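Geometric and topological summary
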Amino acid sequence: MEEKQPILEVKNLKQYFKISRKFTVKAVDGVSFKIMPGETYGLVGESGSGKSTTGRSIIRLYKPTDGQIIFNGQDISGKMSKQEISMLRTKMQMIFQDPMACLNPRKKVMDIVAEGLDIHHSYSSQKEREQKVYDILELVGLSKEHANRYPHQFSGGQRQRIGIARALIMNPDLIIADEAISALDVSIQAQVVNLMKKIQKDFNTSFLFIAHDLSMVKYISDHIGVLHLGHLVETGTTEEIFSNPIHPYTKSLLSAIPVPNPHVEKTRKSLTYDHDQSDVDYTVGTEHHVGGTHYVLATDEEFEKWTKQ
Ligand SMILES: Nc1ncnc2c1ncn2[C@@H]1O[C@H](COP(=O)(O)OP(=O)(O)O)[C@@H](O)[C@H]1O
Ligand SMILES: [Mg+2]
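Overview of the structure. Nothing here was measured: the structure is a model prediction, and the numbers come from that model. (Residues numbered from 1 in each chain as written. Chains lettered and ligands numbered in written order. Predicted model: local features only at pLDDT ≥ 70, side-chain atom pairs only at ≥ 80, totals over all residues. Heavy atoms only, no water.)

Quick look at unusual backbone geometry now. The phi torsion at Arg60 lies on the positive side, around 65°, for a residue other than glycine. Mapped onto the fold, Arg60 is located in the loop between α1 (51-58) and β4 (66-71). For Arg60, a relative accessible area of 12% gives the class buried. Positive phi, close to 50°, is recorded for Glu179, a residue that is not glycine. Its place among the elements puts Glu179 in the loop between β7 (174-178) and α7 (186-203). By relative accessible area, which is 11% here, Glu179 ends up buried. (Helix = DSSP H or I, 4+ residues; strand = E, 2+ residues; numbered from the N terminus. Buried < 20%, exposed > 50% of the residue type's maximum accessible area, 1.4 Å probe, protein only.)

This is the structure we're talking about:
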């Protein structure tokens, strides 16, 4: 049987930053994973573990120090022509944590969402451009009227929808969502996750879903990779990671999923990951602290209740 080709394959990716004559930060240090068409890969890890750097290397905001990034069968880790970069910027899109930071406050939603179309001249008339924006706004649950407003006139959840619309209008094969919902209220997070799932079903889009905790990752990911200080310490299907976590760092992340119900919260147990007792060699210059907070896992029923509130 012929095996399907992954949409993205990351092989032994290294991204180092030289921060002074003496010091180099190994932000990403030998990371490998792949994403199949229409699938979501959840990349989790605490702050500073190298998640954003991984995403930014993949979309080629950096030149990778070493390793390979293969997108749609094409190696994109080396030197790229302007044309290739331009192509990449349509087929791969990124959604950020703080949409306010990447939505120009002086521009109307119409122009923000149409920016990619403008850059790539993807329409033949103003009417077509307008219609494309209206269609995509409707798809993400906004309306035509919203096109004439400015970013500050929207709520956080709505702004994130604008960010998604802006990415989607290019009809990408892969969307990198870097903590795209972390700043939102939990009920809004669930709405945005549901929107991403719907998009995935309708368009077979792949997602690299980056998050610092596992709570929403569970509901969107097919596979999960746990990143710690630039290393993937554990990977597996979502089912495997949740039912049988092996690495202590994964266990501590799992224990860090907050429960919405205050009665359950009282009985939360704590799990802290002891960095020194792990068998991973962290030859990275920075130290990070994990855990210290008390949490317990949320069940599917709890999540259901939680999203319907
Ligand atoms: N441009 C950069 N220059 C120097 N160090 C960086 C740069 N970007 C990230 N780092 C460092 O790399 C590590 C990983 O950062 P990052 O990828 O942002 O982690 P995360 O997104 O998981 O919080 C951190 O120690 C951070 O300080
Ligand atoms: Mg980050």
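Here the narrative resumes.
Before going further, it helps to spend a moment on the site of ligand 1. Near ligand 1 lie 13 residues; those nearest to it are Gly48, Gly50, Lys51, Ser52 and Thr53. For ligand 1, an oxygen atom lies 2.5 Å from a polar atom in the side chain of Thr53. Contact with the protein chains hides 68% of the accessible area of ligand 1, taken as 560 Å² for the molecule alone. Every element with two or more residues in the shell around ligand 1 is listed here: β2 (24-35) and α1. (Near = heavy atom within 4 Å. Polar contact = N/O pair within 3.5 Å; in protein donor to acceptor, adjacent residues only side chain to side chain. Areas by Shrake-Rupley, 256 points an atom, 1.4 Å probe, with all protein chains shown as cover.)

Strands pair in a sheet through their backbones, by hydrogen bonds, and they do so in one of two ways: parallel or antiparallel. One open sheet accounts for four strands, arranged β2-β1-β4-β5; its pairing is antiparallel. Lying at the two open borders of the sheet, with one neighbouring strand each, are β2 and β5 (74-75). One ladder, built from nine bridges, connects strand β1 (residues 8-18) with β2; its direction is antiparallel. What sits directly across from Val10, in β2, is Phe33. Its contacts with the sheet put α1 on β1, β2 and β4, and the angle it makes with β1 is roughly 115°. (Pairing = 2+ DSSP bridges. Contact = heavy atoms within 4.5 Å. Axes fitted to C-alpha atoms, helices over the stretch in contact; angles between N-to-C directions.)

Separated by 33 residues in sequence, Glu179 and His212 place their C-alpha atoms 7.3 Å apart. Once residues within four sequence positions are removed from consideration, Glu179 is found in contact with Lys51, Gln97, Ile210, Ala211 and His212. A polar side-chain atom of Glu179 sits 2.8 Å from a polar atom in the side chain of Ser182.

Direction of pairing for strand β9 (residues 223-228) relative to strand β10 (residues 231-237): antiparallel, over a ladder of six bridges. Residue pairing across strands places His223 opposite Thr237, the latter belonging to β10. The turn joining β9 and β10, which pair antiparallel and follow one another in sequence, is formed by two residues; a positive phi near 50° is taken by Leu229.

Further remarks concern the packing of helix α4 (residues 109-119) against helix α6 (residues 156-168). Relative to each other, α4 and α6 sit at 35°, their axes nearing to 7 Å. When α4 is examined against α6, the residues Val109, Ile112, Val113 and Glu115 are found in contact with a partner set consisting of Ile162, Ala165 and Arg166. Among the residues making up the contact of α4 with α6, the classes are represented as five nonpolar, no polar and two charged. (Nonpolar A, V, L, I, M, F, W, Y, C, P; charged D, E, K, R; others polar.)

This brings us to the environment of Gly230. Positionally, Gly230 belongs in the loop between β9 and β10. For the pair Gly230 and Leu13, spaced 217 residues apart in sequence, the C-alpha to C-alpha distance is 9.8 Å. Each residue touching Gly230, except ones within four places of it in the same chain, is listed here: Lys26, Ala27, Val28, Asp29, Val31 and Ser49.

By secondary structure assignment, the location of Ile164 is in helix α6. Residue class for Ile164 comes out buried when judged on its relative accessible area of 1%.

With that out of the way, let us pick up the packing of aromatic side chains. Given two aromatic rings, one states the distance between the centres and the angle between the planes to describe the pair. A full pass over the atoms with the stated rule returns two aromatic pairs. Ring plane angle 15° and centroid distance 4.5 Å describe the contact between Phe33 and Tyr41, whose orientation is recorded as stacked. By the burial criterion, Phe33 is buried, and Tyr41 matches it. (Phe/Tyr/Trp six-rings, centres within 6.5 Å; stacked < 30°, edge-to-face > 60°.)

With respect to the helices and strands, the residue Gln200 is situated in helix α7. Taking relative accessible area as the criterion, Gln200 reaches 12% and is therefore assigned buried. A polar contact is formed between the side chain of Gln200 and the side chain of Thr40, at a distance of 3.0 Å. Ignoring sequence-local partners within four residues, the contact set of Gln200 consists of Gly38, Glu39, Thr40, Thr205, Ser206 and Phe207.

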